[in-house]
Amino acid sequence: MHHFHYQNGELYCEGVPVKAIAARVGTPFYLYSAATLSHHYRVFDGAFAGFPHIVCFAVKANGNLAILRLLARQGAGADIVSGGELHRALQAGVDPGKIVYSGVGKRPQEIRDALRAGILLFNMESSQELEAINRVAGRLGKKAPVALRINPDIDAQTHPYISTGLKKNKFGINIDQALEDYRRARELPHLEVLGVACHIGSQITEVSPFVEALERLKELIARLQDLGIAIRYLDLGGGLGIRYDQEEPPHPHEYGGKIVEKLRDLKVTLILEPGRVLVGNAGILVTKVLYTKESGVKHFIIVDAGMNDLARPSLYGSYHGVWPVVKKARPRVKASLVGPICESGDFLAKDRQMPAFAPGELVAVMSAGAYGFSMSSNYNARPRVAEILVQDQEFYVIRKRETYRQLIWGESIPESLK
Ligand SMILES: *Cc1c(COP(=O)(O)O)cnc(C)c1O
């Protein structure tokens, strides 16, 4: 469900015509619908109603302060993977008591900042990290609340780049080694062992891999109990998929229902780390056609957004719907929607049937709210695009388009070259 729809052949975001926003802010830009975001949050959160839980939005999916604030207001916490994301979450007003910190490479300074902020949980991903967090906490005279991120060795059947729960992935602690690490963690004076965690991958379109992972964590929790280690938090990570094309991911209620069913006999607080499922379909990328051309064998539609703005198609070969902002009667063609970047991998849609767009037309690249702006870069010295949030009849610039000045900010030419 989302609030991008046509009225008299024109694409609207909630009550605002996309064309009107483009006229004001120029192209390209990311456009988010506040109503869609709120709705997605409420539905997801509601799927776990009746069971103690915390929904920690995965900041890496979309870290804009306004987006974080909107979710925090509804009660969301944050799943962070860096000191920078901690900063974002705190600036946006996320309750530190609802922040979990994941990631395989936490630096001492980042650990210190998170301890000072008073976050809920560190999800530790290696034996050496146990020692590092213990050391930093000791220096601050604090006890660090920790969970161990377990690699349950589950095949989530998703793209290899976004599969994280297999032994061959770099994430988490091998489940066979976990008991030993828990024993060690318990001995360390500045750690408070509170949880188990996992995150098996992203864009997962079945419930069964989650349930399987949960079963392995439950076995582990039982064994820990035998050792006298009481687990208070069970963090099942994120990863629930969305519809980009023909996928049929489970509804959050089905996902939530099957998880809660497995948890009935456990006295834990469940933590979830959804990213994509909350923001993915709440955002689009709006771009303008510059040129079209025929290569003899292919039809190209060249737009002003490229792989630096939306990396997913070139990185994962992922599909995004391509919609006209203003509908017209015209033929469909087999074409590739490509950007201005000097790379053959620079495409937003490849060899697909789409409207025969003409120069000057606006195109909406759908389902771009997650891992869109947050993965964008300045490659080819392109300023990062603006981000706009629509609420009912109003739109707000929640991030200005970058300027050339910002593009070279911090750079300097040494004396010897002057
Ligand atoms: C990326 C990530 C998430 C969010 O994944 P989605 O597929 O966007 O839900 C959650 N937890 C961790 C640890 C992650 O790395």
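As the structure is a computational prediction, the values presented were derived from the model and not from experiment. Residue numbers run consecutively from 1 along every chain, following the written order of its sequence. Totals for whole chains, interfaces and linings use every residue, but because this is a predicted model, local features are given only for residues with pLDDT of at least 70 and side-chain atom pairs only at 80 or more, for both listing and counting. Side-chain numbers here rest on the full set of heavy atoms in the structure, without hydrogens or water.

*Asks:* What is the right way to read the overall build of the protein chain from this model?
*Replies:* Numbered from the N terminus, helices here are DSSP runs of H or I no shorter than four residues, and strands are runs of E no shorter than two. On a plain count of helices and strands, the protein chain comes out with twelve helices and 21 strands. Values of the radius of gyration come from C-alpha atoms, whereas the globule rule sets the reference at 2.2 Å times the count of residues to the power 0.38. Its C-alpha atoms give the protein chain a radius of gyration of 23 Å, near enough to 22 Å, the size a compact globule of 418 residues would have. Along the three orthogonal principal directions, the C-alpha set of the protein chain runs to about 70 × 60 × 45 Å. Buried means the residue's accessible area, taken with a 1.4 Å probe over protein chains only, is under 20% of the maximum for its type, while exposed means over 50%, and partly exposed covers the values in between. Of all 418 residues assigned to the protein chain, the portion counted as buried reaches 55%. Here the contacts in the protein chain between residues at least 6 apart in sequence split such that 70% fall between residues at least 24 apart. Here the protein chain displays about 18700 Å² of accessible surface, and carbon together with sulfur accounts for 49% of that area. His residues and chain termini do not enter the charge count, which takes Lys and Arg as positive and Asp and Glu as negative. For this purpose, a charge sits on NZ of Lys, CZ of Arg, CG of Asp or CD of Glu. The average position of the 51 basic charges and that of the 44 acidic charges among the side chains of the protein chain differ by 4 Å. Here a residue-residue contact requires only that any non-hydrogen atoms of the pair lie within 4.5 Å. In this description, accessible areas are obtained by the Shrake-Rupley approach with a 1.4 Å probe, and a residue is regarded as covered only by the protein chains that are shown.

*Asks:* What am I meant to see in the packing of aromatic side chains here?
*Replies:* When we look at a pair of aromatic rings, we describe it by the centre distance and by the angle of the planes. Aromatic rings from Phe, Tyr and Trp, with only the six-membered ring used for Trp, were paired whenever their centres fell within 6.5 Å, and each pair was classed as stacked if the ring planes differed by under 30 degrees, edge-to-face if by over 60, and tilted otherwise. Here the structure, examined in full by the defined rule, presents eight aromatic pairs. Between Tyr6 and Trp323, the aromatic rings sit 5.8 Å apart at their centres with planes inclined by 25 degrees, giving stacked as the arrangement. One end of the pair, Tyr6, is in strand β1 (residues 4-7); the other, Trp323, is in strand β16 (residues 322-324), with 317 residues separating them in the sequence. You can call Tyr6 partly exposed: its relative accessible area is 25%.

*Asks:* Please clarify how the site of the ligand should be interpreted in this entry.
*Replies:* Taken together, 14 residues lie around the ligand, and Lys60, Ser202, Gly239, Glu273 and Tyr371 are the ones closest in. Within the contact set of the ligand, an oxygen atom lies 2.8 Å away from a backbone nitrogen or oxygen of Arg276. For this scheme, ten residues count as nonpolar: Ala, Val, Leu, Ile, Met, Phe, Trp, Tyr, Cys and Pro. Four count as charged, namely Asp, Glu, Lys and Arg, and the remainder, Gly too, count as polar. Residues belonging to the shell around the ligand are distributed by class as follows: three nonpolar, six polar and five charged. We call a residue near a molecule or strand as soon as one heavy atom of that residue lies within 4 Å of the molecule or strand. Polar contact criterion, stated in full: a pair of N or O atoms within 3.5 Å, where within protein one must be able to donate a hydrogen and the other to accept it, and residues adjacent in sequence count only if both atoms are side-chain atoms.

*Asks:* Please clarify how the sheet that holds strand β3 (residues 16-17) should be interpreted in this entry.
*Replies:* Consider a sheet: its strands pair through backbone hydrogen bonds, and that pairing is either parallel or antiparallel. Pairing between two strands is assigned when DSSP locates at least 2 bridges connecting them. Taken in spatial order, the three strands line up as β1-β2-β3 in an open sheet, and their pairing is antiparallel. Looking at the sheet topology across the chains shown, the edges are occupied by β1 and β3. Pairing of β1 with strand β2 (residues 10-13), which is carried by four bridges, proceeds in the antiparallel orientation. Within β2, the residue paired with Phe4 across the bridge is Cys13.

*Asks:* Where do I start with the packing of helix α8 (residues 208-226) against helix α9 (residues 252-263) in this structure?
*Replies:* Packed helix pairs are characterised by how far apart their axes lie and by the angle those axes make with each other. Simply put, an axis is a line fit to the C-alpha atoms, just over the touching stretch for a helix, and the angle between two N-to-C directions goes from 0 to 180 degrees. Where α8 meets α9, the axes come as close as 10 Å, and the angle between the chain directions of the two elements is 20 degrees. Between α8 and α9, the crossing angle belongs to the class labelled roughly parallel. With respect to the hand of their crossing, α8 and α9 are arranged in right-handed fashion. Taken together, the residues of α9 that come into contact with α8 (itself represented by Phe210, Val211, Leu214, Glu215 and Lys218) are Tyr255, Lys258, Ile259, Lys262 and Leu263. Partitioning the contact of α8 with α9 into residue classes produces six nonpolar, no polar and four charged. For this classification, under 35 degrees means roughly parallel, over 145 means roughly antiparallel, 65 to 115 means roughly perpendicular, and everything else is oblique. Crossing handedness follows the turn of the near helix against the far one: under a right angle anticlockwise gives a left-handed crossing, and clockwise gives a right-handed one.

*Asks:* What's the story with the pairing of strand β15 (residues 299-303) in this structure? I'm lost.
*Replies:* Looking along a regular strand, one sees side chains alternate from face to face of the sheet. The element β15 is largely enclosed, with a buried count of four among its five residues. With antiparallel pairing between neighbouring strands as the criterion, strand β14 (residues 283-294) and β15 make up a hairpin whose turn holds four residues, including Gly296 at a positive phi of roughly 100 degrees. Inspection of the sheet shows β15 paired to strand β17 (residues 332-338) by three bridges, in the parallel sense. Following the sheet pairing, Ile301 is matched in β17 by Leu337.

*Asks:* Could you clarify how one ought to interpret the nonpolar core in this entry?
*Replies:* In globular proteins that are soluble, nonpolar side chains generally tend to be buried together. Grouping buried Ala, Val, Leu, Ile, Met, Phe, Trp, Tyr and Cys residues that are joined through side-chain atoms within 4.5 Å yields what is termed a nonpolar core. One finds Phe122, Tyr182, Leu234 and Leu337 to be the most contacted residues of the largest nonpolar core, which totals 106 residues. When residues of this core are assigned to their parent elements, the largest contribution, eight residues, is made by α8. A domain assignment, automatic or from a database, supplies the domain bounds used here. Among the domains, domain 1 (4-32 + 280-407) and domain 2 (103-272) are the pair contributing at least three residues each to this core. Those residues in contact with Leu234 that lie beyond four places of it in its chain are Val196, Leu214, Leu217, Ile221, Leu263, Leu266, Val268, Thr269, Leu270 and Ile271.

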